[in-house]
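Topology and contacts: notes
Listed below are the residues making up each chain.
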Amino acid sequence: MLKEEHKVVVLGSGAPQSAAPATTTVINIRGDTVMPDHVVWSLFNTVFMNWCCLGFVAFSYSVKARDRKMAGDLTGAQSFASTARCLNIWALVLGLLLTVTFVILVSTGSLVIFETVSEMVKHYGGS
């Protein structure tokens, strides 16, 4: 083993053996690419705030983005993830607005019904 190491040192330290220029090879090794595919957010919007089915459509785009990422198509994965993100934002905003509007309508409607019933009881003499 020491003999092989000695030969490598001798070959490396001597004069170049050919007059051709040395060529180098660069190998790019990609690390684990972190690109959000928004699957969890889409699943949340699908289960809890699925107004107009936007959560389900966002979930399908998220799954497509994850599939593209696993296949190595990062451009396609980024495109699908961007669409899923946009749909998730719209689903969340519309879901919150429609839920708040529904709560306001139900609460004001119950107050109006309560006032109407109390006026009827007062007007017609409750007993």
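Higher on the page you've got the structure.
Residues numbered from 1 in each chain as written. Predicted model: local features only at pLDDT ≥ 70, side-chain atom pairs only at ≥ 80, totals over all residues. Heavy atoms only, no water.

1. Concerning unusual backbone geometry
The condition is simple: Counting from the N terminus, the helices are the DSSP runs of H or I reaching at least four residues and the strands are the DSSP runs of E reaching at least two. Think of it in three bands: with a 1.4 Å probe and only protein chains considered, a residue is buried below 20% of the maximum accessible area for its type, exposed above 50%, and partly exposed in between.
Phi is positive for H38, which is not a glycine, with a value near 60 degrees. Looking at the element boundaries, H38 is found in the loop between α1 (2-13) and α2 (39-48). Residue class for H38 comes out buried when judged on its relative accessible area of 18%. At C53, a residue that is not glycine, the phi angle is positive and equals roughly 60 degrees. As for its position among the elements, C53 is in the loop between α2 and α3 (54-71).

2. Section: α3
Under the convention used in this document: Each helix should span, by expectation, one fewer than its residue count multiplied by 1.5 Å. The arc under discussion is defined with respect to the helix axis, by the directions toward the C-beta atoms. In this analysis, two residues are considered to be in contact whenever any of their non-hydrogen atoms come within 4.5 Å of each other.
Over its 18 residues, α3 extends 26 Å from the first C-alpha to the last, a length consistent with the 26 Å expected when each residue adds 1.5 Å. Those residues of α3 that fall on the buried side of the exposure criterion are L54, G55, A58, S62 and A65. Take α3 and look down its axis: the buried residues cluster within an arc of 90 degrees, on one side only. Projecting away from the buried face of α3 at angles above 90 degrees are the exposed residues F56, M70 and A71. The elements touched by buried residues of α3 are α2 and α4 (74-124).

3. Brief notes about α4
The end-to-end C-alpha distance of α4 is 73 Å, a good match for the 75 Å that 51 residues give at a rise of 1.5 Å each. Three or more residues of α4 are buried, namely G76, A77, F80, A81, A84, L87, N88, A91 and G95. Those residues of α4 hidden inside the fold are in contact with α2 and α3. Of the residues flanking the end of α4, it is G125, one or two places downstream, whose phi is positive at about 75 degrees.

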